[in-house]
Amino acid sequence: MLSKRMQEVLNEQVKIEAQSSQVYLAMASWAEIQPGIDNITAFFYRHSDEERMHMMKLIHFINDRGGFAVIPALVQPTLTFPSIKHAFNELLNHEIHVSESINKLVDIALQEKDYATHNFLQWYVAEQVEEEALARTLNDKLEMIGDEKSGLYLFDRDILNVSVPGGEE
Ligand code: FEO
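Draft legend 1. View of the overall build of the protein chain. When its secondary structure is counted, the protein chain shows five helices and zero strands. Here the C-alpha radius of gyration of the protein chain, 17 Å, is about what a compact globule of 169 residues would show, namely 15 Å. By principal-axis analysis of the C-alpha atoms, the protein chain measures approximately 55 × 25 × 25 Å. A separation of at least 24 residues holds for 82% of the contacts in the protein chain among residues at least 6 apart in sequence. For the protein chain, the computed accessible surface area is about 9100 Å², with 55% contributed by carbon and sulfur atoms. In the protein chain, 14 positive and 27 negative side-chain charges are present, and the distance between their average locations comes to 4 Å.

Set out below in structure tokens:
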């Protein structure tokens, strides 16, 4: 059974994952109307789906452990970006924020002596390491490319084969 505090903070994480899904969905929709970046567009859509899966996992966990998962209201995300680089930079910053939030949850699980939740959260801890690493790599590549159109062409081609971490449960 979840403590009241544990339930509250897990529900806050439901909201963060749902918001993440919206943030990346907005990036995908913006990217879709930019010319020639179909694979970047697909990447953002995949990432949005991935975040929804993170949210669903939490919802089921909360309800399975005798709590009640609350479906949250969301904030409208940023809709447009000055460049692709800006969008990927926001993605990295967003993931850093999510990692901080997961770390806080782990702390609270230990304080509450809730070892089942602590164990459940380890999946998210590992996931965040991979997501941050991927976001950093993509940002580094875009930094190298600068304003070169041919570089962006190759970036878009290569991202076709990049899978968003956490696809398998
Ligand atoms: Fe669910 Fe990208 O954190």
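Draft legend 2. Structural context of the environment of His-97. For His-97, the position within the fold is in helix α3 (residues 84–111). Between the alpha carbons of His-97 and Ile-16 there is a distance of 9.5 Å; along the sequence they are 81 residues apart.

Draft legend 3. Spatial organisation of the side chain of His-94. In this fold, His-94 is placed in helix α3. Ignoring sequence-local partners within four residues, the contact set of His-94 consists of Ser-20, Val-23 and Tyr-24.

Quick notes on the rules
Residues numbered from 1 in each chain as written. Predicted model: local features only at pLDDT ≥ 70, side-chain atom pairs only at ≥ 80, totals over all residues. Heavy atoms only, no water. Helix = DSSP H or I, 4+ residues; strand = E, 2+ residues; numbered from the N terminus. Rg over C-alpha atoms; globule rule 2.2 N^0.38 Å. Contact = heavy atoms within 4.5 Å. Areas by Shrake-Rupley, 256 points an atom, 1.4 Å probe, with all protein chains shown as cover. Lys, Arg positive; Asp, Glu negative; His and termini not counted. Charge placed at Lys NZ, Arg CZ, Asp CG, Glu CD.

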